[in-house]
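# Structure assessment
Here is how the chains run, residue by residue.
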Amino acid sequence: MLLIQQGEVSIRKMEPCPHDFVLFLKWMTDPNTMKYWKGMTEHFTYERVEQEYREHMEENVEQCIISYGQREVGYCQFCLLDAPLFEVPQDQYDRFVAPGELAYGIDILIGEVECRNRGIGTKALIALMQALFVQYHADILMIDPKVQNARAIRCYHKCGFRDLFVVPHRELQDGIYHDSLIMGVKKVAFFASSAC
């Protein structure tokens, strides 16, 4: 099912089929992806991809495939958030998300190495943000890169995200706990910016 088409970028829901599982497995066995996504000590198999897909579905995480032109180049996922699910302090979360507002969390990656550093990730993220604000009625979007992931943080800033707060030792990767930069953007700010 197509979620959004914006210029060369299209985002569709991932299907529980061999094509999509093999595609995702390819990206999850690429060191350039794993360095930032799950870590170099994580090992994916077809069975693990299939299992994680089903677990995400049970947790109401929407999983999607990003295409650029006619080529499938990346992956994104999103879900409704609250502070415990996002693993952030409630008081800091509440400074940005008011009662009754719908907040969604996003993860995104460009899996095809030769498609990185070409602006495709920025275009894909803007398309996803637009879909979440318009079709899913999100009030706020949040994203949580590791503080050392400078390339991703630059991309998120370009798309309108601003730094909110840092959660120390939040994400375990390769045996080390990393700090997460929590970033967010509100619907009003997104549509007022030049990003869209």
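Up top you'll find the structure we're talking about.
Throughout what follows, the structure given in this document is the object of discussion. (Residues numbered from 1 in each chain as written. Predicted model: local features only at pLDDT ≥ 70, side-chain atom pairs only at ≥ 80, totals over all residues. Heavy atoms only, no water.)

## Some thoughts on the side chain of glutamine 77
Relative to the helices and strands, glutamine 77 is located in strand S4 (residues 71–80). Judged by its relative accessible area of 11%, glutamine 77 is buried. Excluding anything up to four places from it in sequence, glutamine 77 contacts His56, Val61, Glu62, Gln63, Gly105, Ile106 and Asp107. (Helix = DSSP H or I, 4+ residues; strand = E, 2+ residues; numbered from the N terminus. Buried < 20%, exposed > 50% of the residue type's maximum accessible area, 1.4 Å probe, protein only. Contact = heavy atoms within 4.5 Å.)

## Overview of unusual backbone geometry
The backbone of glutamate 87 shows a phi angle near 60°, a positive value even though the residue is not glycine. Inspection of the secondary structure puts glutamate 87 in the loop between helix H4 (83–86) and helix H5 (90–96). For asparagine 117, which is not glycine, the phi torsion reads 60° and is therefore positive. Its place among the elements puts asparagine 117 in the loop between strand S5 (103–110) and helix H6 (120–134). Looking at asparagine 117, the relative accessible area reads 65%, which means it is exposed.

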